[in-house]
Amino acid sequence: MSKIKEILSVLEEMAPLAYAEDFDNVGLLVGNQENEVTGILVCHDALESVIDEAIAKKCNLVVCFHPIIFSGLKKITGKNYVERSVLKAIKNDIAIYAVHTALDNHKNGVNKIFSDALGLINTKILVPKQNFIQKLVTYTIPENVEELRNALFEAGAGKIGNYEDCSFNSKGIGTYMGNEDSNPEIGQRFEFVENEEIKIEITFEKHLQSKILKALFTNHVYEEVAYEIYDLQNKHQNIGLGMIGELQKPMSETEFLNLVKDKMQCGGIRHSVLLGKPIQKVAVLGGSGSFAISNAKQAGADIFLTADLKYHNFYEAENQLVLADIGHFESERFTKNYIVDFLKKKILNFAIIFSEENTNPVKYL
């Protein structure tokens, strides 16, 4: 048997919680991570009916896409659908874990799944995540460079796009003089030392900072480690919301919208005025994506597929592209399939079950 906390590390591998947006509520929402897992039920929304399904199928961990607890709960009395679901989960000792924007922002997550369903190629992030990269600068003697640098790489530093083990190294002269309490690696107390040093510059994702610093202090030979950490303005090209890609062959607007309706199983598609131009470059953003209309324009998209567009959002098309609202649930439809497939490859000792509950609250005539 495995404990819930062991499953959490697998879920973090699939969708690191550090990738989530600040407004979001992801991770373990309900339950004790020390409990033994009897089974995992994967769903889109952890509604009361899904908790009933988990009970019936003897699953005590529900992995959902949307967090059932989004804003703060001051009381849990069962007066609404959120409180009823949470009460039933607690009463039956069922844990609930949500991935939401942690998976939205992953390069293989929600929007890659969306893109793949439509057959898009040459995909890249539409809205790259900002303020997520930091840079470490440190100094050491030549004899320590390889060991230290490799330890930093092992801790997760030095990844840039499709490359890893990236760093910049330059030679220089370091100086110091230790006091009566010092124990210098080179030279003596009260001796002014000039010594050849290598300056190492390396970037990392900011949530790894404690791990990077631990590797630095553990593998550096100096008694006092000189280092600096900077916040970078660079966008992270492999983390972010939405995706833009291309169709293998251009299609007419009507032909493409019918393809989307079929592939994403849409009850209907609301769209802005058609421009009479072929569709080649397609931007997608699963869930509510009106905030990224300008990003889709700047990326040169012929059409932007998303959900929850309001009346006035459609005016923002401004004859530059077609805006299409395909439905919130529909735009994220295949996310739970991805979660099930991922977990089945990683976990072999108990059942991982695809929820049969359709939790889409929107119905169509």
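All of these numbers come straight from a predicted model, not from anything done at the bench. (Residues numbered from 1 in each chain as written. Predicted model: local features only at pLDDT ≥ 70, side-chain atom pairs only at ≥ 80, totals over all residues. Heavy atoms only, no water.)

A. The arrangement of the nonpolar core in detail. Ile40 and Leu343 are the most contacted members of the largest nonpolar core, which has 28 residues in total. Secondary-structure elements contributing two or more residues to this core are α1 (4-14), β2 (40-45), β3 (61-66), β4 (95-98), α4 (100-104) and α11 (335-346). In terms of residue count, the dominant contributor to this core is α1 (6 residues). The next biggest cluster of nonpolar side chains, apart from the first, holds 20 residues, and it includes Leu118, Met264, Cys266 and Leu305. (Core = buried A, V, L, I, M, F, W, Y, C linked by side-chain atoms within 4.5 Å. Buried < 20%, exposed > 50% of the residue type's maximum accessible area, 1.4 Å probe, protein only. Helix = DSSP H or I, 4+ residues; strand = E, 2+ residues; numbered from the N terminus.)

B. Layout of the packing of helix α2 (residues 48-56) against helix α3 (residues 81-91). Direction vectors running N to C along α2 and α3 enclose 20°, while the axes themselves pass 8 Å from each other. Between α2 and α3, the angle is such that the two are roughly parallel. Here α2 and α3 pass one another in a crossing that is left-handed. From α2, Glu48, Ile51, Asp52 and Ile55 reach across to α3, where they touch Arg84, Ser85, Lys88 and Ala89. (Axes fitted to C-alpha atoms, helices over the stretch in contact; angles between N-to-C directions. Parallel < 35°, antiparallel > 145°, perpendicular 65-115°, else oblique. Left-handed = near helix turned anticlockwise from the far one by under 90°. Contact = heavy atoms within 4.5 Å.)

C. Seen up close, the sheet that holds strand β5 (residues 121-129). Spatial ordering of the open sheet is given by β5-β10-β12-β13-β14-β11, a layout of 6 strands whose pairing is mixed. The sheet terminates laterally at β5 and β11 (270-271), the two strands that pair on one side only. This element, helix α5 (residues 110-117), spans β5, β10 (236-251), β12 (279-288) and β13 (303-307) of the sheet and lies at about 140° to β12. Its contacts with the sheet put helix α8 (residues 253-263) on β10, β11, β12, β13 and β14 (322-325), and the angle it makes with β10 is roughly 125°. (Pairing = 2+ DSSP bridges.)

D. Examining the sheet that holds strand β7 (residues 168-176) more closely. A sheet is described by the order of its strands in space; here 4 strands give the open sequence β7-β8-β6-β9, paired in antiparallel fashion. With partners counted over all chains shown, the strands left at the sheet margins are β7 and β9 (227-231), one partner each. Direction aside, neighbouring strands of the sheet carry axes that sit 25° apart on average. Strand contacts of helix α6 (residues 142-154): β6 (133-140), β7 and β8 (193-205), with the helix running at about 15° to β8, the strand carrying the most contacts.

E. Structural detail: the environment of Glu201. Within the secondary structure layout, Glu201 lies in strand β8. You can call Glu201 buried: its relative accessible area is 16%. A sequence separation of 35 residues divides Glu201 from Cys166, and the C-alpha atoms of the two residues are 9.0 Å apart. Separated by 2.8 Å, the side chains of Glu201 and Lys135 make a polar contact. (Polar contact = N/O pair within 3.5 Å; in protein donor to acceptor, adjacent residues only side chain to side chain.)

Scope: geometric values only; no functional claims are made or implied.
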